[in-house]
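Here's the letter readout for the chains.
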Amino acid sequence: MAAALGGRGARRLRLLLSALKPGIRVPRPGPAAALSSSVTSARVAVNGVHLHYLRTGDGEHVVLLLPGMLGSGETDFGPQIENLSKKLFTVVAWDPRGYGLSRPPDRDFPVEFFERDAKDAVDLMKALKFKKVSLLGWSDGGITALIAAARYPSCIHKMVIWGANAYVTDQDEELYQGIRDVSQWSERTRKPLEALYGFNYLARTCEKWVDGIKQFKHLPDGSICRHLLPLVQCPTLIVHGEKDPLVPRFHADFIHRHVRGSRLHLMPEGKHNLHLRFADEFNKLVEDFLQ
Ligand code: TYC
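Residues numbered from 1 in each chain as written. Predicted model: local features only at pLDDT ≥ 70, side-chain atom pairs only at ≥ 80, totals over all residues. Heavy atoms only, no water.

(A) The overall build of the protein, seen in detail. Helix and strand content of the protein: ten helices and eleven strands. Looking at the protein as a whole, 59% of its 291 residues are labelled buried. Just so you have it, the protein exposes about 11900 Å², and 52% of that area is on carbon and sulfur atoms. (Helix = DSSP H or I, 4+ residues; strand = E, 2+ residues; numbered from the N terminus. Buried < 20%, exposed > 50% of the residue type's maximum accessible area, 1.4 Å probe, protein only. Areas by Shrake-Rupley, 256 points an atom, 1.4 Å probe, with all protein chains shown as cover.)

Now the structure itself:
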């Protein structure tokens, strides 16, 4: 089932300005959605779940957008879905299982959850009959993109990641702990996600995410995917916001060092949400890199 999402640019999502993901726009659930009419919404059965995705553009080059924790295509990528060239690209933005409109099932975090997301993402692209795609992965979505590129190299053309980390340190663990209790989040941060998920699901899933990501701390080198980085073959652009309060610079440097031939682009004023705050600059950077 594919339905056009109504609305013009401004009717995008409701505003979520937050410490976690400042500047994110979040949709009201239901038909009063927020993106332009060229954006379609659909679900497809993949690996035993119904994965939801948005799709726009009719360019030859297929680009998959991968959202961060608790995110969805619509909440995390408004300016990319609206403004990446529709002539050059076919843009797909997916909701990983348990997030956004890819529910049920409820989200869970077995230690292989990123591997599962990577396989789901690649299998979704196959279900849509795309042979080779480029990946744009933010934060947790960047981790998923790295794993997908390492494990399924023949399916991936190019990749851009930002706000990702290949392993977990003590410092990261402290940062995670700081966002665990959503009732401590600012109202502005919490409200839109609460509207999408309901308070209980949001609170439970955030706690489960923190427990889930902390599992990696107990693996050798705290590895999430650091052992896979040498397997990445595709041209890779790593973007890092030098003012990112959630993901320290050393994570971007590490990925840059271990992904052969990768490029690191620093945005001095960028925070974690650099693709939203500096959307035009980010989109141009991405379009130039992908071409
Ligand atoms: N990885 C999270 C995301 O997908 C963001 C995040 C990073 C949260 C570090 C907390 O300490 C943290 N958006």
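(B) Quick look at the site of the ligand. Close contacts around the ligand come from twelve residues, with Met69, Ser139, Asp140, Leu175 and Tyr176 the closest. Ser139 is positioned with one of its side-chain polar atoms (N or O) 2.9 Å from a nitrogen atom of the ligand. A distance of 2.8 Å separates a nitrogen atom of the ligand from a polar atom in the side chain of Asp140. Taken by itself the ligand offers 340 Å² of open surface, and the protein chains cover 99% of this. Residue classes in the shell around the ligand are distributed as seven nonpolar, three polar and two charged. (Near = heavy atom within 4 Å. Polar contact = N/O pair within 3.5 Å; in protein donor to acceptor, adjacent residues only side chain to side chain. Nonpolar A, V, L, I, M, F, W, Y, C, P; charged D, E, K, R; others polar.)

(C) Representation of the nonpolar core. In this structure, Leu124, Leu135, Met159, Trp209, Cys225 and Ile255 are the most contacted members of the largest nonpolar core, which totals 67 residues. Apart from residues no more than four positions distant in its own chain, Met159 is found in contact with Leu135, Ala145, Leu146, Ala149, Val232, Cys234, Pro235, Thr236, Leu237 and Phe289. Grouped together as the second largest cluster of nonpolar side chains are 25 residues, Leu84, Val91, Val239 and Phe289 included. (Core = buried A, V, L, I, M, F, W, Y, C linked by side-chain atoms within 4.5 Å. Contact = heavy atoms within 4.5 Å.)

(D) Geometry of the packing of helix H5 (residues 170–178) against helix H7 (residues 199–214). In contact at an axis separation of 10 Å, H5 and H7 are set at 170° when each is read in the N-to-C sense. Of the possible angle classes, the one that applies to H5 and H7 is roughly antiparallel. Here H5 contributes Glu173, Tyr176 and Gln177 to the contact with H7, which in turn contributes Trp209, Val210, Ile213 and Lys214. The class makeup of the residues in the contact of H5 with H7 is four nonpolar, one polar and two charged. (Axes fitted to C-alpha atoms, helices over the stretch in contact; angles between N-to-C directions. Parallel < 35°, antiparallel > 145°, perpendicular 65-115°, else oblique.)

(E) Structural detail: the pattern of salt bridges. Throughout the structure, instances matching the rule amount to 16 salt bridges. The closest approach of N and O atoms between Arg249 and Asp253, which form a salt bridge, is 3.0 Å. Of this pair, Arg249 and Asp253 both sit in helix H8 (residues 249–258), four residues apart, which is roughly one turn of that helix. Accessibility expressed as a relative area gives 35% for Arg249, which makes it partly exposed. One salt-bridge network, held together by shared partners, links Glu187, Arg190, Lys191 and Glu194. (Salt bridge = Lys/Arg side-chain N within 4 Å of Asp/Glu carboxyl O.)

(F) Quick peek at the pairing of strand S6 (residues 61–66). Along S6, six of the six residues are buried, which leaves the element largely enclosed by surrounding structure. Side chains His61, Val63 and Leu65 of S6 all project onto a buried face; the interleaved residues Val62, Leu64 and Leu66 project onto the opposite face, where all are buried too. Of the pairings in the sheet, the one linking S6 to strand S8 (residues 133–138) comprises four bridges and is parallel in character. Its bridge partner lying in S8, Leu65 is registered against Leu136. (Pairing = 2+ DSSP bridges.)

(G) Main features of H7. Taking 1.5 Å of rise per residue, 16 residues should cover 22 Å, and H7 covers 23 Å from first to last C-alpha, within 8% of that figure. Every buried residue of H7 is listed here: Tyr201, Leu202, Ala203, Thr205, Cys206, Trp209, Val210, Gly212, Ile213 and Lys214. Residues of H7 that are buried make contact with helix H3 (113–127), helix H4 (140–151), H5 and helix H6 (187–197). (Expected span 1.5 Å × (residues − 1).)

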